[in-house]
Amino acid sequence: MAKKSLEVLTETMFYVLMAFQRQEMCGADIVQFIGERTKNHVSIGPGTLYTILAKFEEEKLIEETAVEGRKRTYRVTNKGRELYAEEVNRLRMCIADAEAESHISF
Amino acid sequence: MKYIKKLIPVEPYEIAILENWFSDLSSQGLSLHSANTIFASFEEKEPKRMIYRMEPKKEGFGDKPPQKQMELYQEYGWEFISIFGKYFYIYAAEEGTMEIHTDPVVESSLYKEYSKQIDPLSNSLFLSVLLYVGLTLLFLIIRGQTNPTRLVRFGDTQAMILPYLLLMSYLFSLRPRGMARVHKQLSAGFRPVAEEEPYRKAIRKHKIFYCLIPLLLVFLYGPLFLEHFVLEYDKPLAEIDHPIPIIELADIEDAPNFYYTDKNWRTDTPDASGAVMFETSAGALVQYYITQHGVSNYSASLSLDYKEFMPYVSSEKYLEDWLDSMWYQDENGWITEELIETPFDKAVLAKKGNEQVLFLIYDHKWLEVNYVGLKILAQPQYYDMFLSVLQQDYHRS
């Protein structure tokens, strides 16, 4: 399973994978998406972005679809969608556990 | 353009210190141009403080990162400056530029291949040195058991290089271990941070470290190998003024009817008083070769080979190998027999015409008596003399 070889999705990795769920994206699109989605709460540097994209590509979670000059576009694979869904479920369960424990609603 | 070279003050894995060092120098007008792990070259420019970041070079990458990576970094304001040894790429940007890496855990994955090189057991210096010493001794034991002759006769190379091997193994283990430490810190979510101008302190530490380790090795191993480095000699017998394992056969000068024919390696100098050679090796730290001749070419001759074996050398195996060597085989006319009822652990006599070679093992020591003459060596009257020689120690350090 991809998740085993990645060990864990960090917050940044999770948001990068989230960015691909609706459409194909290039690096600049991903940065913009994460900035807007998190209201700049999560930022992503070029080294982090490059490493994550390389890792995701290696793990076949995304694949390159187009290269136009310096712009490279990627799309999520089925494996990537599955991993994202798994991670969302895991996070949901964490929130549910936290709510049950504290008797408050977040 | 003027370039200035400076010694890299710390090990490459001290990334925070080095990044700060480069930044501080840029604010003094020295802009990093290139670097290897020993020297960094700086170009003199207008003082302007830049920020520097080091990123591990992935296996298979060349002197520059891939073009698409450099272009992406450039979009964010980071310029590739230089490769740093075989470990890192160095980038520079103006102050205020977004960090190259914003997720330490993701950054840690770049160090993973270095941490894989680290054996879990070698996480501490002590364990790694201990492991090395253990393996070296094991190697010596195996060599001692399988081919003691080689180890005893030619083992000086191992003796000489052992301290250096230890030092090198320690130094070579430092960098991967340091990289693994960075990997561990990043994996835990923290990027190493250097305090203000820490490199001055680090430089001192670095210098002390590189001076102390060789000194420590000299103290640890020096005495053991001192004899090899300092005391080996080849001197006339008359010049020796310290105890040596010499025996005195009163009759070696008194064999008027003995005609010397076989030993073609013997000195032709009629008045030769003999020679003493002291040697050492990894298999036997104390070794004496002593030749004693009669007063003329026609006198009897006597030479001794005395050795104190290291504990890992099997003396019996050494004897076995030595007897198997070309000089003492039946086809060469030698007759060998094991002598019984002697005070030695083992005694073997090899005989060929007027030549006798007595091989004696006692208390992990070796005495080989080569005699060309008319007397019979394998007699109880001589055993006491040989035994008293073997019962003494001749360490000189």
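Up top is the structure these notes are about.
Residues numbered from 1 in each chain as written. Chains lettered and ligands numbered in written order. Predicted model: local features only at pLDDT ≥ 70, side-chain atom pairs only at ≥ 80, totals over all residues. Heavy atoms only, no water.

### Description of the pattern of salt bridges
Right, so step 1: Counted by the stated rule, this structure contains 18 salt bridges over all chains.
Right, so step 2: In this structure, E24 of chain A engages R75 of chain A in a salt bridge whose closest nitrogen and oxygen atoms are separated by 3.8 Å. Of this pair, E24 of chain A sits in the loop between α2 (11–19) and β1 (25–26) while R75 of chain A sits in strand β3 (residues 71–76), placing them 51 residues apart in sequence.
Right, so step 3: With relative accessibility at 38%, the residue R75 of chain A sits in the partly exposed group.
Right, so step 4: Across the salt bridge formed by E19 of chain B and R191 of chain B, the nearest N and O atoms sit 2.9 Å from each other. With a gap of 172 residues between them, E19 of chain B in helix α1 (residues 15–27) and R191 of chain B in the loop between α7 (156–187) and α8 (199–231) connect regions that are remote in the sequence.
Right, so step 5: Through salt bridges with shared partners, one network takes in E19, R53, E99, E107 and R191 of chain B. (Salt bridge = Lys/Arg side-chain N within 4 Å of Asp/Glu carboxyl O. Helix = DSSP H or I, 4+ residues; strand = E, 2+ residues; numbered from the N terminus. Buried < 20%, exposed > 50% of the residue type's maximum accessible area, 1.4 Å probe, protein only.)

### Topic: the packing of α2 of chain A against helix α3 (residues 27–37) of chain A
Residues and elements named next belong to chain A.
Right, so step 1: The contact between α2 and α3 brings their axes to 9 Å, and the two run at 110°. Taken together, the axes of α2 and α3 are roughly perpendicular relative to one another. Listed contacts from α3 to Y15, V16, M18 and A19 of α2 are I30, F33, I34 and R37. (Axes fitted to C-alpha atoms, helices over the stretch in contact; angles between N-to-C directions. Parallel < 35°, antiparallel > 145°, perpendicular 65-115°, else oblique. Contact = heavy atoms within 4.5 Å.)

### Observations concerning the interface of chain A and chain B
Right, so step 1: Across the contact, 19 residues belong to chain A and 22 residues belong to chain B.
Right, so step 2: Carbon and sulfur atoms supply 58% of the area that chain A and chain B bury against each other, a total of about 1700 Å² over both sides.
Right, so step 3: Ranking the residues of chain A by area buried against chain B places P46, Y50 and R70 of chain A at the top, with a combined share of 39%.
Right, so step 4: At the boundary of chain A and chain B, one finds 0 salt bridges.
Right, so step 5: At the boundary of chain A and chain B, one finds 9 residue pairs in polar contact (both at pLDDT 80 or more).
Right, so step 6: Secondary-structure elements contributing two or more residues to the side of chain A that touches chain B are α2, α4 (46–58) and β3 of chain A.
Right, so step 7: Of the residues forming the side of chain A that touches chain B, the biggest block, 7 residues, is contributed by α4 of chain A.
Right, so step 8: Taken together, the residues of the side of chain A that touches chain B break down into 8 nonpolar, 7 polar and 4 charged. (Buried area = accessible area lost by both parts, 1.4 Å probe. Polar contact = N/O pair within 3.5 Å; in protein donor to acceptor, adjacent residues only side chain to side chain. Nonpolar A, V, L, I, M, F, W, Y, C, P; charged D, E, K, R; others polar.)

### Concerning empty space enclosed by the protein
Residue and element names in this part refer to chain B.
Right, so step 1: Scanning the model with the defined rule gives 1 cavity of 30 Å³ or more in all.
Right, so step 2: Space inside the largest cavity adds up to approximately 50 Å³.
Right, so step 3: Lining the largest cavity are R53, M54, E55, E99, I100, H101, E107 and R191.
Right, so step 4: Grouping the amino acids of the lining of the largest cavity by side-chain chemistry returns 2 nonpolar, 1 polar and 5 charged. (1 Å grid on protein atoms, 1.4 Å probe; cavity = no way out; pocket = protein on both sides within 12 Å on 5 of 7 lines; lining within 4 Å. Points joined across faces, edges and corners; volume = space filled by probe spheres on them.)

### Some details on unusual backbone geometry
All names here are of chain A.
Right, so step 1: The phi torsion at K39 lies on the positive side, around 50°, for a residue other than glycine.
Right, so step 2: By the secondary structure assignment, K39 is in the loop between α3 and α4.
Right, so step 3: Since its relative accessible area comes to 72%, K39 is described here as exposed.
Right, so step 4: In this structure, N40 is a non-glycine residue whose phi angle is positive, near 60°.

### Considering the sheet that holds β3 of chain A
Residue and element names in this part refer to chain A.
Right, so step 1: Spatially, the 3 strands line up as an open sheet ordered β1-β3-β2, and their pairing is antiparallel. Each having just a single partner strand, β1 and β2 (62–68) make up the two edges of the open sheet.
Right, so step 2: As paired elements, β2 and β3 share 6 bridges and run antiparallel to each other. When the sheet's bridge partners are listed, E68 is paired in β3 with K71.
Right, so step 3: In the packing of α4 onto the sheet, the strands contacted are β2 and β3, and the crossing angle to β2 comes to about 120°. (Pairing = 2+ DSSP bridges.)

### Quick look at α3 of chain A
An α-helical turn contains 3.6 residues, so a residue and the one three or four places further along point in the same direction.
Residues and elements named next belong to chain A.
Right, so step 1: When we look at burial in α3, the residues that qualify are G27, I30, F33, I34 and G35.
Right, so step 2: Where α3 is buried, its residues meet α2, β1, α4 and β3.
Right, so step 3: K39 sits one or two positions beyond α3 and adopts a positive phi of about 50°.

### Here's the deal with α4 of chain A
Right, so step 1: If you check α4 of chain A, its first and last C-alpha atoms are 18 Å apart, about what 13 residues at 1.5 Å a residue would give, namely 18 Å.
Right, so step 2: The positive-phi residue at the C-terminal boundary of α4 of chain A is K60 of chain A, with phi of around 60°. (Expected span 1.5 Å × (residues − 1).)

### Digging into the packing of aromatic side chains
Right, so step 1: Across all of its chains, the model carries 22 aromatic pairs over all chains by this definition.
Right, so step 2: Each ring, one from F14 of chain A and one from Y84 of chain A, has its centre 5.4 Å from the other, and the planes form 20°; the classification is stacked. Highlighted residues: F14 of chain A in helix α2 and Y84 of chain A in helix α5 (residues 78–102), separated in sequence by 70 residues.
Right, so step 3: Centre to centre, the rings of Y318 of chain B and W322 of chain B are 6.1 Å apart; their planes meet at 15°, and the pair counts as stacked. Placement of both Y318 of chain B and W322 of chain B in helix α9 (residues 315–324) is noted, with a separation of 4 residues, approximately one turn of the helix. W322 of chain B shares its class with Y318 of chain B; the two are buried.
Right, so step 4: Members of the aromatic cluster, connected to one another through ring pairs, are Y233, F278, Y288, Y306 and Y394 of chain B.
Right, so step 5: Above the face of the F39 of chain B ring, K5 of chain B is positioned so that its terminal group lies 5.6 Å from the ring centre. (Phe/Tyr/Trp six-rings, centres within 6.5 Å; stacked < 30°, edge-to-face > 60°. Lys NZ or Arg CZ within 6 Å of the ring centre and 35° of its normal.)

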